[in-house]
Amino acid sequence: MPAFIVHVMADVAVVIPTYDEKENVGPISREILRVKPDVSILFVDGNSPDGTGKILDDLSAADNRIHVLHSPAKEGLGRAYISGYRWSLERGYRFIIGMDADFSHDPAEIPNLLKAAQNADLVIGSRYINGIRVANWPLSRLILSKMAGAYVRLITGMPIADPTGGYRCYRSETLVQIELDTILSNGYSFLVETAHRAWIRGFRIVELPITFVDRRSGYSKMSMDIFKESLWMVWKLALLNGFRRSPMKRRSGTHIPAPNRSHE
Ligand SMILES: Nc1nc2c(ncn2[C@@H]2O[C@H](COP(=O)(O)OP(=O)(O)OP(=O)(O)O)[C@@H](O)[C@H]2O)c(=O)[nH]1
Ligand SMILES: [Mg+2]
């Protein structure tokens with residue numbers, strides 16, 4: 001038996017949901033590991049018909065920092081993140097980053113997200129704090145995105161400039177306390193729901209200015225169903241919290257349970 005056991009605490013996991021991202025997964029994982037070699041990358045693939053899953057298996061066989069979860073079907077962005085975050089919590093990562101596979105989220109920002117997370121419970125890479133930084137999007141898409149943020153702020157009172165932004169870094173304790181088991185969202189509204197849960201519980205949320213660039217290749221997975229879920233989800237979050245427009249006081253070490261909610 002060794003005289004002492006050195007326990008190396010795994011620190012950073014980068015979780016990336018994928019659906020039909022065959023051109024992006026190789027380049028994005030290379031770029032992330034070039035910027036920050038000591039992270040683990042977890043792809044959560046929704047059984048992509050374009051063969052992304054096989055490419056991910058090959059990437060993970062070639063590099064032990066790359067991991068893959070295969071979902072049986074396209075389960076929605078929120079469900080993919082939930083399985084990825086559970087995986088990361090089970091393995092003891094302290095900082096858990098979520099990002100897209102398509103280079104809209106620049107891997108070069110990872111060190112900045114981690115730096116900001118030293119003094120925050122949740123860091124949101126924000127397109128809209130101190131100006132607008134979105135490249136190559138049609139104006140209609142930008143207007144829709146800005147309106148979505150304004151809608152969230154109006155209904156919930158949550159003062160976040162970019163509540164639908166998907167480039168984030170969570171401290172593991174934040175993910176534990178927002179109770180992934182009771183998340184309602186299947187799709188993109190997961191991002192608003194997790195931000196809202198963190199905010200209403202009084203967690204420190206910091207918005208880090210980032211530049212968002214339109215996807216490099218492939219196609220968007222945004223659909224009418226995802227859009228509709230996002231519309232009613234904001235009302236549901238407000239309703240479940242009694243239209244409360246400010247955070248509950250957070251006492252350190254105190255667990256604030258989520259309000260009762262039923263699953264559809
Ligand atoms: N596993 C899984 N991944 C998904 C699902 N829907 C989207 N994704 C991935 O989640 C990330 C964000 O989706 P995007 O289609 O890029 O959404 P978007 O950025 O709003 O749309 P674009 O700007 O057109 O790219 C991408 O890496 C997708 O491949 C899903 O149902 N399951
Ligand atoms: Mg995208």
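That block above? That's the structure.
Residues numbered from 1 in each chain as written. Chains lettered and ligands numbered in written order. Predicted model: local features only at pLDDT ≥ 70, side-chain atom pairs only at ≥ 80, totals over all residues. Heavy atoms only, no water.

A. Spatial organisation of the packing of aromatic side chains. All told, the structure shown has seven aromatic pairs when counted by the stated rule. Counting every residue linked through ring pairs, the aromatic cluster contains Tyr81, Tyr85, Tyr170 and Phe190. One residue, Arg127, lies across the ring of Phe212, its end atom 5.2 Å from the ring centre. (Phe/Tyr/Trp six-rings, centres within 6.5 Å; stacked < 30°, edge-to-face > 60°. Lys NZ or Arg CZ within 6 Å of the ring centre and 35° of its normal.)

B. The arrangement of the environment of Asp181 in detail. Inspection of the secondary structure puts Asp181 in the loop between helix H6 (172-177) and helix H7 (189-200). Each C-alpha atom, one on Asp181 and one on Ile82, is 8.2 Å from the other, the two residues being 99 residues apart in sequence. Side chain to side chain, Asp181 and Arg86 meet in a polar contact 2.8 Å long. (Helix = DSSP H or I, 4+ residues; strand = E, 2+ residues; numbered from the N terminus. Polar contact = N/O pair within 3.5 Å; in protein donor to acceptor, adjacent residues only side chain to side chain.)

C. Molecular detail of the pattern of salt bridges. Tallied over the full model, the rule gives 15 salt bridges. For Arg204, the salt bridge goes to Asp121, with nearest N and O atoms at 3.2 Å. Here Arg204 is found in the loop between H7 and strand E8 (205-209), whereas its partner Asp121 is found in the loop between helix H4 (110-116) and strand E5 (122-126), with 83 residues between them in sequence. In this structure Asp121 comes out as buried when scored by relative accessible area, which is 5%. Residues Arg127 and Asp162 are paired through a salt bridge, measuring 2.7 Å at the closest nitrogen-oxygen approach. Here Arg127, found in the loop between E5 and strand E6 (134-135), pairs with Asp162, found in the loop between helix H5 (139-156) and strand E7 (168-171); they are 35 residues apart in sequence, far enough to count as distant. Owing to a relative accessible area of 6%, Arg127 belongs among the buried residues under this scheme. One continuous salt-bridge network, built from bridges that share partners, spans Glu21, Asp102, Arg215 and Lys221. (Salt bridge = Lys/Arg side-chain N within 4 Å of Asp/Glu carboxyl O. Buried < 20%, exposed > 50% of the residue type's maximum accessible area, 1.4 Å probe, protein only.)

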